[in-house]
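Read off the chains here:
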Amino acid sequence: MAKNLGLDVTPPAQECGDVNCPFHGSLPVRGQVITGKVVSDRMKGTVVVAREYLQYIRKYNRYEKRTSRIIAHNPPCIGAREGEVVTIAECRPLSKTKAFVVVEVTRP
């Protein structure tokens, strides 16, 4: 049985034994909820999510497109792959660079 995160996401169908899983472990989520595209899944249990946004340049009265890359924990019950659009939520720091966890795969 997956626990309720307080977010509008569908819980995964399969169970996992990961302690850093927000659904089946003891990892609480809080703060930001971001949607982005997985650009790398080569690390074990980790994905890199790219998020595009527009930055206003006042000198030229225009916007430029920028990309930020966020490293997130990928629980085995979700198993996000490269190219999928995912929703990630902020959590406590899991390592030096990881402070987000994948909570849902929105589009393959």
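For the structure, see preceding data.
What counts and what doesn't
Throughout, a residue's number is its position along its own chain's written sequence, starting from 1. Under the rules for a predicted model, residues below a pLDDT of 70 receive no local features and side-chain atom pairs below 80 are neither given nor counted, while totals for whole chains, interfaces and linings still include all residues. Heavy atoms throughout the structure, all of them, feed into the side-chain values; hydrogens and water do not. Each helix is a run of H or I in the DSSP string that is no shorter than four residues. Each strand is a run of E no shorter than two, and both are numbered from the N terminus. Partly exposed describes any residue whose relative accessible area lies between the buried limit of under 20% and the exposed limit of over 50%, with all areas from a 1.4 Å probe on protein chains only and scaled to the type maximum. In what follows, residue pairs with any heavy atoms lying within 4.5 Å of each other are defined as contacts. Accessibility throughout is a Shrake-Rupley quantity obtained with a 1.4 Å probe, and a residue counts as covered only by protein chains that appear here. In plain words, nonpolar cores are sets of buried Ala, Val, Leu, Ile, Met, Phe, Trp, Tyr and Cys residues tied together by side-chain atoms within 4.5 Å. Pairing between strands requires that DSSP locate at least two bridges from one strand to the other. Each axis is a line fitted through C-alpha atoms, and for a helix only the stretch in contact is used; angles between axes span 0 to 180 degrees, taken between their N-to-C directions. The working definition used for a salt bridge is a side-chain nitrogen of Lys or Arg within 4 Å of a carboxyl oxygen of Asp or Glu.

Before we move on, can you summarise the overall build of the protein with the specific residues and values?
Across its full length, the protein holds zero helices and five strands. Listing each helix as α and each strand as β along the protein from the N terminus yields β-β-β-β-β. C-alpha atoms of the protein, sized along the principal axes, occupy 55 × 30 × 25 Å. Counting only residues that meet the buried cut, the protein has 38% of its 108 residues in that class. By sequence separation, contacts in the protein at least 24 residues apart represent 50% of the contacts at least 6 residues apart. Split by element, the accessible area of the protein, about 7,100 Å² in all, is 48% carbon and sulfur.

Would you mind going over the nonpolar core in detail, with residue names and values included?
Residues F23, V86, I88, V102 and V103 are the most contacted members of the largest nonpolar core, which totals 23 residues. Those elements giving two or more residues to this core turn out to be strand 1 (29-40), strand 2 (46-57), strand 3 (62-73), strand 4 (85-91) and strand 5 (100-107). Not counting residues within four places of it along the chain, the set of residues in contact with F23 comprises M1, A2, K3, L5, V9, T10, P11, P12, I78 and V103.

Account for the sheet that holds strand 5, with residues named and values stated.
The strand order 1-2-3-5-4 describes a closed barrel built from five strands, whose pairing is mixed. The sheet shows a mean angle of 45° between the axes of neighbouring strands, direction not considered. As defined by bridge partners, strand 3 adjoins strand 5 across two bridges and the pair is classed as parallel. Paired with A72 across the bridge in strand 5 is F100.

Summarise the pattern of salt bridges; cite the residues concerned and give the values.
Overall, the coordinates contain two salt bridges when judged by the stated rule. Across the pair R81 and D41 runs a salt bridge whose closest N-O atoms are separated by 3.5 Å. Here the residue R81 occupies a position in the loop between strand 3 and strand 4, and D41 occupies one in the loop between strand 1 and strand 2, the gap between them amounting to 40 residues. Where E64 meets R66, a salt bridge forms, and the shortest distance between an N and an O atom there is 2.7 Å.

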